[in-house]
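# Structural characterization, general
Read off the chains here:
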Amino acid sequence: MSRLAEKLAQQQFVMTAEIAPPKGVDVTSALARAELLQTMDAINVTDNQGACMRMSPVALARLLIEQGYEPILQLTCRDRNRMALQSELLGAAALGIENLLLLTGDHPQFGDHKAARPVFDLDSVQLLKAVAQLQQGVDMAGKALNHPPRFFSGAAVAPAAEPQVLVLKKLAKKVACGAQFFQTQAVFKRSQLESFMASAGLFRTPVIMGVLLLKNLRMAEFLNRNIPGVQVPEDLLQRLEGAADPLAEGVKIAREMVVLAREFCQGVHLMTFGHEDLLPQILADPSV
Amino acid sequence: MIISTPKGREELEALLAGYRTLFLVGCGACATVCKVGGEDEVFATQEWLEAGGREVVGSMVLKEACHVMRAARELRRYRSQVDEAEVLLVLSCGGGVQSISSCTDTRVLAGVDSLFLGNIRRFGEFEEKCSLCGECILNETAGICPVTNCPKGVLNGPCGGMEDGHCEVDAERDCIWAKIYRRLEKQQRLAAFDRVVEAKDWSKKFKPGRHQLARNPGSGVEK
Ligand code: SF4
Ligand code: SF4
């Protein structure tokens, strides 16, 4: 059982963050980033994030294990058909990777290889199901494996996306197909999280809430315009605009979101984009 | 209908470099509706070629360029002109181009880019609704095809890119799963949304496709 799985099973609050594999073969800076994330329970390793080609996340995840970190391997359906996904999963298991975050993936149109053929042979629900089946010792073609892999399967959800009923229905399918935990898109609004968790909480599947460090007003507006499922509400935009030190205000907002996560969720996923040094401030208890 | 769009004049110019005599072929079916290879376009192309100093030794608009035998037969009637041409320029979908290229050893050039199987919204406005996947799931999706209408072909409800019911890939459009949901709701068939849809069997879309009618095709039942 992975440490992440164990902690969640013991109902301890978990913390995760993410790093991207390098574009190129030098992993020095990726590993340096990981060092700044030492206090995290697990580190997500993104898979050609934003449809931009980078080193295989399986390779970096293995390197993290060798350095003593616990990775969460992200795997998308964009670049691999069902055969490639399954063989990647078997390879990951053989390399000691247990935690997975199984995603549909961004469309190549957003990335740096716009001419690439989008695969999407499976969707995230079907991929979760395939992982569950591999763990039963059978592949998607019904053929037996000589030894089944063991995984802790995660899935993604965007609590702020509308219509929420569709988001919740998809979440239900993911649970039914083997999702053991969720990591969410960034949350910025208490009422939204509250209504989401009122339904999502019923599945008794741990939810690790996304907290994103807003660096300034421009970044918040960019997110609102360009990132689906992320909504920075008006009052936060005003706070960032009025602040003498927007980054400090962003840290304050993030700290408030961590408090929300502690109230409603089972963990927090921190997105700090190069400001890992601010993590202790973001995680500090705001009441002291 | 097959939707296609003309190759740019610059691209054609480069393709035709070194050729002086041409035979032009259009198509009276889809290519005419798409305004890429009907009488008008064949004529306009001829004028453009001649203005550029080339000789169009003959032209024809096939009834349906995709009909292999008929295209071959119609082309034979223009044999002497075709023989004079150094190259044939075909203004039809890629299928039509290949009907022609299969019945002559002379070089055949494609003058248009084929896009998709399309429905016509109104004159000049085409939309892809079906990508011919080989195993139709419309009966389970309220008559709206997610294989085609979702840029990712997601089969189990909206991806994480849906926002306010719109699609992340094209914010002008509805997320097709929001649309399917609304229609299923109206039909009181939401259970169809809740079920887990299995991975598609892509062997049904084997390339190149081949199909032969059953012995008594009029009976309406295949297989
Ligand atoms: S499911 Fe979609 S792509 Fe497949 S045959 Fe039906 S309409 Fe066409
Ligand atoms: S937003 Fe909807 S239509 Fe667009 S890619 Fe995602 S699931 Fe498909």
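An account of the accompanying structure is given in this report.

About the thresholds
- Residues numbered from 1 in each chain as written.
- Chains lettered and ligands numbered in written order.
- Predicted model: local features only at pLDDT ≥ 70, side-chain atom pairs only at ≥ 80, totals over all residues.
- Heavy atoms only, no water.
- Buried < 20%, exposed > 50% of the residue type's maximum accessible area, 1.4 Å probe, protein only.
- Helix = DSSP H or I, 4+ residues; strand = E, 2+ residues; numbered from the N terminus.
- Pairing = 2+ DSSP bridges.
- Near = heavy atom within 4 Å.
- Nonpolar A, V, L, I, M, F, W, Y, C, P; charged D, E, K, R; others polar.
- Contact = heavy atoms within 4.5 Å.
- Buried area = accessible area lost by both parts, 1.4 Å probe.
- Salt bridge = Lys/Arg side-chain N within 4 Å of Asp/Glu carboxyl O.
- Patch = residues over 30% accessible without salt bridge, like charges linked within 9 Å, V, L, I, M, F, W, Y side chains within 5 Å.
- Areas by Shrake-Rupley, 256 points an atom, 1.4 Å probe, with all protein chains shown as cover.
- Lys, Arg positive; Asp, Glu negative; His and termini not counted.
- Charge placed at Lys NZ, Arg CZ, Asp CG, Glu CD.
- 1 Å grid on protein atoms, 1.4 Å probe; cavity = no way out; pocket = protein on both sides within 12 Å on 5 of 7 lines; lining within 4 Å.
- Points joined across faces, edges and corners; volume = space filled by probe spheres on them.
- Core = buried A, V, L, I, M, F, W, Y, C linked by side-chain atoms within 4.5 Å.
- Phe/Tyr/Trp six-rings, centres within 6.5 Å; stacked < 30°, edge-to-face > 60°.
- Lys NZ or Arg CZ within 6 Å of the ring centre and 35° of its normal.

Our next topic: the pairing of strand 8 (residues 267-271) of chain A. Residue and element names in this part refer to chain A. Burial analysis of strand 8 places five of its five residues in the buried class, which makes it a mostly covered element. Residue alternation in strand 8 divides its side chains into two sets, G267, H269 and M271 and V268 and L270, and both sets are buried. Of the strand pairs in this sheet, strand 1 (residues 14-19) and strand 8 are connected by four bridges, and their pairing is parallel. Note that in strand 8 the partner of M15 across the bridge is V268. In terms of strand pairing, strand 7 (residues 207-212) meets strand 8 through five bridges, oriented parallel. The partner of L212 across the bridge, within strand 8, is M271.

The environment of ligand 1 is formed by C130, S131, L132, C133, C136, I137, L138, C145 and T148 of chain B. The residue inventory of the shell around ligand 1, partitioned by class, reads seven nonpolar, two polar and no charged.

The interface is formed by 28 residues belonging to chain B together with 31 residues belonging to chain A. Around 2400 Å² of area is buried between chain B and chain A when both sides are counted, 55% of it from carbon and sulfur atoms. If you sort the residues of chain B by the area they bury against chain A, K152, N156 and E163 of chain B come out on top, with a joint share of 24%. At the junction of chain B with chain A, the criterion picks out two salt bridges.

As a further point, take the pattern of salt bridges. Under the definition given, this model contains 29 salt bridges over all chains. Put simply, R62 of chain A and E66 of chain A hold a salt bridge, and the shortest N to O gap is 2.9 Å. In this pair, R62 of chain A and E66 of chain A both sit in helix 3 (residues 57-66), four residues apart, roughly one turn of the helix. The partly exposed category is assigned to R62 of chain A, whose relative accessible area is 28%. Residue E41 of chain B is joined to K35 of chain B by a salt bridge in which the shortest nitrogen-to-oxygen separation is 3.7 Å. Connected through shared salt-bridge partners, D47, R80 and E88 of chain A make up one network.

All names here are of chain A. Together, E221, E234, D235 and E241 give the surface a local cluster of negative charge. Counting residues per element, the negative patch draws most heavily on helix 9 (residues 234-242), which supplies three residues. Along the chain, E221 falls in helix 8 (residues 217-226). Look at E221 and you get partly exposed, because its relative accessible area is 33%.

What follows concerns empty space enclosed by the protein. All names here are of chain B. Summed over the entire model, instances satisfying the criterion amount to two cavities of 30 Å³ or more. The calculated volume of the largest cavity comes to roughly 120 Å³. Along the wall of the largest cavity there are 17 residues; nearest its centre are C150, P151, C159, C167 and C175. Tallied by class, the residues present in the lining of the largest cavity amount to 10 nonpolar, four polar and three charged. Each pocket or cavity is described by its volume, and for the second largest cavity that value is around 60 Å³. The wall of the second largest cavity is formed by I137, E140, T141, L155, W177, I180, L184, A192, F193, R195 and V197. Secondary structure elements with two or more residues in the lining of the second largest cavity: helix 8 (176-186) and helix 9 (191-194).

Once that is clear, we can look at the nonpolar core. Taken as a class, soluble globular proteins show a tendency for nonpolar side chains to be buried jointly. Within the largest apolar cluster, 99 residues are counted, with the highest numbers of intra-cluster contacts made by M209, L214 and L270 of chain A. Among the elements that take part in this core, helix 10 (residues 246-264) of chain A stands out by supplying eight residues, more than any other. Look past the residues within four positions of M209 of chain A in its chain and what remains in contact with it is T184, V187, L193, M257, L260, A261, C265, G267, V268 and H269 of chain A. Counting residues in hydrophobic clusters, the runner-up holds 33 residues, among them A31, V56, V57 and I100 of chain B.

Residue and element names in this part refer to chain B. The full count for this structure, using the stated rule, is four aromatic pairs over all chains. With a centroid separation of 5.7 Å and an interplanar angle of 80°, the aromatic rings of W177 and F193 are classed as edge-to-face. Within this pair, whereas W177 is found in helix 8, its partner F193 is found in helix 9, the two being separated by 16 residues in sequence. Three or more aromatic residues joined by ring pairs make a cluster, and in this case those are W177, Y181 and F193. Above the ring of W202, the side-chain terminus of K200 is found at 5.8 Å from the ring centroid.

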